[in-house]
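# Survey of secondary and tertiary structure
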Amino acid sequence: DLDEYRERKEITTKVGDNRCLLQSLKDSPYYKHFEDKASLWEQRLADLDEYMEHLKTIQRKWVYLEPIFGRGALPKEQPRFQNVDSDFRAIMQDIGLDDRVMALAAQTGLRTKLVQMSDQLTRCQKALNEYLELKRSVFPRFYFIGDDDLLEILGQSTDPSVIQTHLKKLFAGIHSVGFTADHKTVQEMHSQAGEATPLTPEVRIREEVEVWLGELATSMQKTLRQLLVACVQCPGGSPDPQQFPSQILCIAEQINFTQGVEQAITRGTLAQLKGQLQQKLQAYTSVDIGPVDTGAIVLDLKLKALIMDIIHMIEVVSLLLEQGTATLEDWAWQKQLRYYLQNGSCHMRMCDAEFEYTYEYQGNVPKLVHTPLTDKCYLTLTQGMHMGFGGNPYGPAGTGKTE
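Figured I'd write up the structure that's included with this text. All values reported here derive from a predicted model rather than from experimental measurement.

Procedures and definitions
- Residues numbered from 1 in each chain as written.
- Predicted model: local features only at pLDDT ≥ 70, side-chain atom pairs only at ≥ 80, totals over all residues.
- Heavy atoms only, no water.
- Axes fitted to C-alpha atoms, helices over the stretch in contact; angles between N-to-C directions.
- Helix = DSSP H or I, 4+ residues; strand = E, 2+ residues; numbered from the N terminus.
- Parallel < 35°, antiparallel > 145°, perpendicular 65-115°, else oblique.
- Left-handed = near helix turned anticlockwise from the far one by under 90°.
- Contact = heavy atoms within 4.5 Å.
- Nonpolar A, V, L, I, M, F, W, Y, C, P; charged D, E, K, R; others polar.
- Pairing = 2+ DSSP bridges.
- Expected span 1.5 Å × (residues − 1).
- Phe/Tyr/Trp six-rings, centres within 6.5 Å; stacked < 30°, edge-to-face > 60°.
- Buried < 20%, exposed > 50% of the residue type's maximum accessible area, 1.4 Å probe, protein only.
- Lys NZ or Arg CZ within 6 Å of the ring centre and 35° of its normal.

## Considering the packing of helix α3 (residues 78–97) against helix α5 (residues 110–138)
- Close contact between α3 and α5 brings their axes to 10 Å; oriented N to C, the two are set at 140°. Comparing their axes, α5 and α3 come out oblique. In this structure, α3 meets α5 at a crossing whose hand is left-handed. Contact residues: Arg80, Phe81, Val84, Asp87, Phe88 and Ile91 in α3; Leu110, Lys113, Leu114, Met117, Gln120, Leu121, Arg123 and Cys124 in α5.
- Its residues assigned to classes, the contact of α3 with α5 shows nine nonpolar, one polar and four charged.

Printed below as a string of structure tokens:
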């Protein structure tokens, strides 16, 4: 337990003022009479200023590194840090025994010791940065969190409670995960609203946290890919909302819609398709949620997301009918965001841009209302990305840029 070296600014200011005073005394005609004493004090104050600056730098690094090395991180660098730690504690204890400022300047060999300590701490810091960079190169999602959070994860790699608190910073939609009874295997992922999705395959927790978190990301993507194929293949194109995550239900609906529209354009039956979508909308809006609990809340969110999508689908079909769309190459259809399932993998197309779906779990995020401006943004951004550019919505407040 050490008292920190505080009040640095006030002491440094006083030392600086005294040095300026000594400097001004050199202009005095009587300076020759006390030149020896003035030179001695000038050297003392210069040394004191240097010592305090070194001590400030060392303390700042020590306060940051001590908890890290105290947890046993970087075993190869432990001896280096322990030497600095013992020297720093000894200096601080000496200051505690004699807290007069000038007592610091009277210590012999302090300059050399402080310079060496600062250099050794810089080496420890460099080794730590290289260690963290190595972990981030293995699992790039670690770039989303700061060094302190990453060190806590690395130091408690098999502690479920620690991992749970940081998961939402690493994954967009995973708020927490479900473990087996022995807390050694992750078997499902949970959204913030409480939606639970079993993982296939399950993920075994191990010491190398960057490895098993990478396996969690892979398992998440494999699980959603399998669920999407199963959802699309449900008889009658009407999957049970209770059996699939909201994200999968919406994508499957989009895939079935794209397929249905292209068939309807080819056969000239867009009006019938519009009627079917209106019937589906009626069915979803008349579902009885039941007693209010976590399951009912999640089901309500799923149905709201589906309803929002179907309303937009009806608007798209109405637009196609208005413009007399007769072929799949017509602009009215090509400018829409379309979803396809090819060889078990989902692809999205818009005009001549095509992207492969990445199966990042999104949880139960609120759905964005589709407007003509939304479609223009999608079209502009997808074409920009298709050509290797990025994009950023720009415009007045309240027009939906963030969404």
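## Thoughts on the sheet that holds strand β3 (residues 196–204)
- The antiparallel open sheet is built from three strands, whose spatial order is β1-β2-β3. Both outer strands of the open sheet, β1 (176–179) and β3, are each paired with one neighbouring strand and no more. The mean angle between the axes of side-by-side strands here comes to 35°, regardless of whether they run parallel or antiparallel.
- Helix-sheet contacts for helix α8 (residues 209–232) involve β1, β2 (185–190) and β3, and the interaxial angle to β3 is about 135°.

## Some remarks on helix α11 (residues 294–322)
- Its 29 residues place the ends of α11 42 Å apart at the C-alpha level, agreeing with the 42 Å of an ideal helix rising 1.5 Å per residue.
- Where α11 ends, the next residue or the one after it, Gly324, has phi of about 65°, a positive value.

## Overview of the side chain of Thr197
- Within the fold, Thr197 resides in strand β3.
- Contacts of Thr197, omitting those with residues within four sequence positions, involve Glu188, Met189, Thr223, Leu227, Pro245 and Tyr361.

## Structural notes on the packing of aromatic side chains
- Taken as a whole, this structure holds six aromatic pairs when the rule is applied.
- When the ring of Phe139 is compared with that of Phe142, the centres are 5.0 Å apart and the planes differ by 75°; the resulting orientation is edge-to-face. Take Phe139 and Phe142: they sit in the same class, and that class is buried.
- Ring plane angle 45° and centroid distance 6.4 Å describe the contact between Phe139 and Phe171, whose orientation is recorded as tilted. Here Phe139 is found in the loop between α5 and α6 (147–155), whereas its partner Phe171 is found in the loop between α7 (160–170) and β1, with 32 residues between them in sequence.
- With relative accessibility at 4%, the residue Phe139 sits in the buried group.
- Positioned above the aromatic ring of Tyr340, the side-chain terminus of Arg349 is 4.3 Å from the ring centre.

## With respect to the packing of α8 against helix α9 (residues 246–267)
- Two numbers describe how α8 lies on α9: the axes approach to 9 Å, and their chain directions differ by 50°. With respect to α9, the element α8 is oriented oblique. Here α8 runs over α9; the crossing is right-handed. Seen from α8, the contacting residues are Leu224, Leu227, Leu228, Cys231 and Val232; seen from α9, they are Gln247, Ile248, Leu249, Ile251, Ala252, Ile255 and Asn256.

## Some words on the pairing of β1
- Neither face of β1 is open: one carries Ser176 and Gly178, the other Val177 and Phe179, and all of them are buried.
- Relative to β2, β1 runs antiparallel, the two sharing four bridges. Following the sheet pairing, Val177 is matched in β2 by Met189.
- Hairpin connection between β1 and β2: a loop of five residues separates the two successive antiparallel strands, and His183 in this loop has a positive phi of roughly 55°.

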